[in-house]
Every structure is written in C-alpha cells, then in structure tokens.
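# Residue-level structural notes
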Amino acid sequence: MASKAEAGTAVGLELVLLIDVSGSVDSSEYALQKGGYVQAFQSAAVQNAIMGSQLGSIAVTYVEWSGAAQQAQLVNWTLVNDAASANAFAAAIAGTSRAYSGLTAVGSAINYGAGLLGADNGFDGLRKVMDVSGDGERNDGADTATARNAAVAAGITINGLTIGGASLLNWYQNNVIGGPGAFAIGVNDFADFAAAIEQKLIREITGVPEPATFALLGFGLAALGMAARRRKAA
C-alpha cells in the first residue's frame, strides 16, 4: 500500500469513499461493490484522470459504514499520483474484510467523513469531496440533511451513487448531495456498480461539470438513467 505522505502534502483533491455495508447488502452484492472500487483504481482511465488533474495527485481513504456508531476507516489516507500508487490503493481495498452488516445511518456516515476531512490528515487539498454509495434510505443515526448541510458549510462537496430505483436516487438528491458541483448517479443493481463508480470517480477527480441530467450510456438503464443535480451550498 502506498505510504501516507508527510503532513501538509498539497493535492488537488481529498476524497473520502463512504461505502454502505448495511444488512440489505448481501455478500455477493458486497463483493461487487468493493470490487467496483478495486477495478476503478486499477483502470487506466481513472489513473490518467488523477495524473491529469490539479497538482496531478489526490489523497483518498476507504471507509465502510452501516449503523449510527458503525464507521470504519479500512484504508488510511493514501497519496495517489501515478499508476503504481493507484494499483497499491486498489490492492489495499481488496485486502480489507467487511466491517459491518447493520442499519443504514447515512447522516452518521457523512458526519464521520466530514471529521476525516476536517482533521489533520496529512494533506492539504484544493477540493474536499465525500463519495457516498448506498442501497437504502436512512433508518438510523443522525439526520441526513442536517449532516449534509453541516459538511457543505465546512467547504465539503458530497456526491452520491445509489444502487436501486428512482425513488432512492431522488432521496439522495434531496438529502445527501450538496456543495459546489454536487451530483448523484443511480444504477439499478450492484452488477452495474463497477462501470458507474469508474465514471463517477473520473468526474470527481477532474472536477469537470456535467449537465443537470444526462443518460447513463451502456448500462442498459434507459428507464432510470443517470441523474445529477447541482446544489447551492445550504
């Protein structure tokens, strides 16, 4: 695994990956979800996006979450600035074991991620982003919109990737995402997750804005599509 850089290392992006591992995610779905992140950081497209982004580097950490008091930073803050460090980060994710299988406390996960971005984590990013993926609405823990608003007020952008139908995507748009250029993507099932997370990471890393609504090409999800909505900071 790539080593954590010295304190204050300048990067274009500090990125917290917040992965839903609540009880509604079965073992095969969990494997598909985690594997999606592994494949994404192994992909040439994501690696090239990192090297071509602001300062040519990002700092990223991998977190799994479930209930109100269930958040685990399974891969520590890692400097990724080339193919080797991206592959090492992917390998570190692959080497983790599932942390939880409880309720769904999205707001508590956001609060935890904001703490990681607000703490002295060894990096100084031009942008701070949380990437929240999940397959259900909150049924435990902190109020989601309140947590979102606090994170946005602290200068953090929150993006979402939902696994489920249009209703869940709409809930994420209304309660989870926020900050400059925030967006949410929806896929129908975990089988589509890997392709979606690759495109989502590229967009987050490059910071390139997209139209408010656009089609999710190649996933066979014409009815659901991929939706993104900009929000002003609350």
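You'll find the structure just up there.
Treat the numbers as computed from the prediction; the structure is a model and nothing was measured. (Residues numbered from 1 in each chain as written. Predicted model: local features only at pLDDT ≥ 70, side-chain atom pairs only at ≥ 80, totals over all residues. Heavy atoms only, no water.)

### Digging into the sheet that holds strand S5 (residues 157-163)
If you walk across this open sheet you meet the 6 strands as S3-S2-S1-S4-S5-S6, and the pairing is mixed. The open sheet has two edge strands, strand S3 (71-80) and strand S6 (184-187), and neither has a second partner. This sheet shows a mean twist of 15° between the axes of neighbouring strands, independent of strand direction. Alignment of strand S2 (residues 58-65) against S3, held across 7 bridges, turns out to be antiparallel. Looking at S3, one finds that alanine 59 is bridged to leucine 79. Seen against the sheet, helix H6 (residues 166-175) touches S2, strand S4 (123-134), S5 and S6 and runs at an angle of roughly 170° to S5. (Pairing = 2+ DSSP bridges. Helix = DSSP H or I, 4+ residues; strand = E, 2+ residues; numbered from the N terminus. Axes fitted to C-alpha atoms, helices over the stretch in contact; angles between N-to-C directions. Contact = heavy atoms within 4.5 Å.)

### Some details on the side chain of glutamate 14
Structurally, the position occupied by glutamate 14 is in strand S1 (residues 9-20). You can call glutamate 14 buried: its relative accessible area is 0%. Side-chain polar atoms of glutamate 14 contact the side chain of asparagine 121, separated by 2.8 Å. (Buried < 20%, exposed > 50% of the residue type's maximum accessible area, 1.4 Å probe, protein only. Polar contact = N/O pair within 3.5 Å; in protein donor to acceptor, adjacent residues only side chain to side chain.)

### Some remarks on the environment of glycine 160
Within the secondary structure, glycine 160 is located in strand S5. Overall, glycine 160 belongs to the buried group, its relative accessible area being 0%. When the C-alpha atoms of glycine 160 and phenylalanine 183 are compared, they prove to be 6.5 Å apart, with 23 residues separating the residues in sequence. Excluding anything up to four places from it in sequence, glycine 160 contacts Val132, Tyr172, Ile177, Phe183, Ala184, Ile185 and Lys200.

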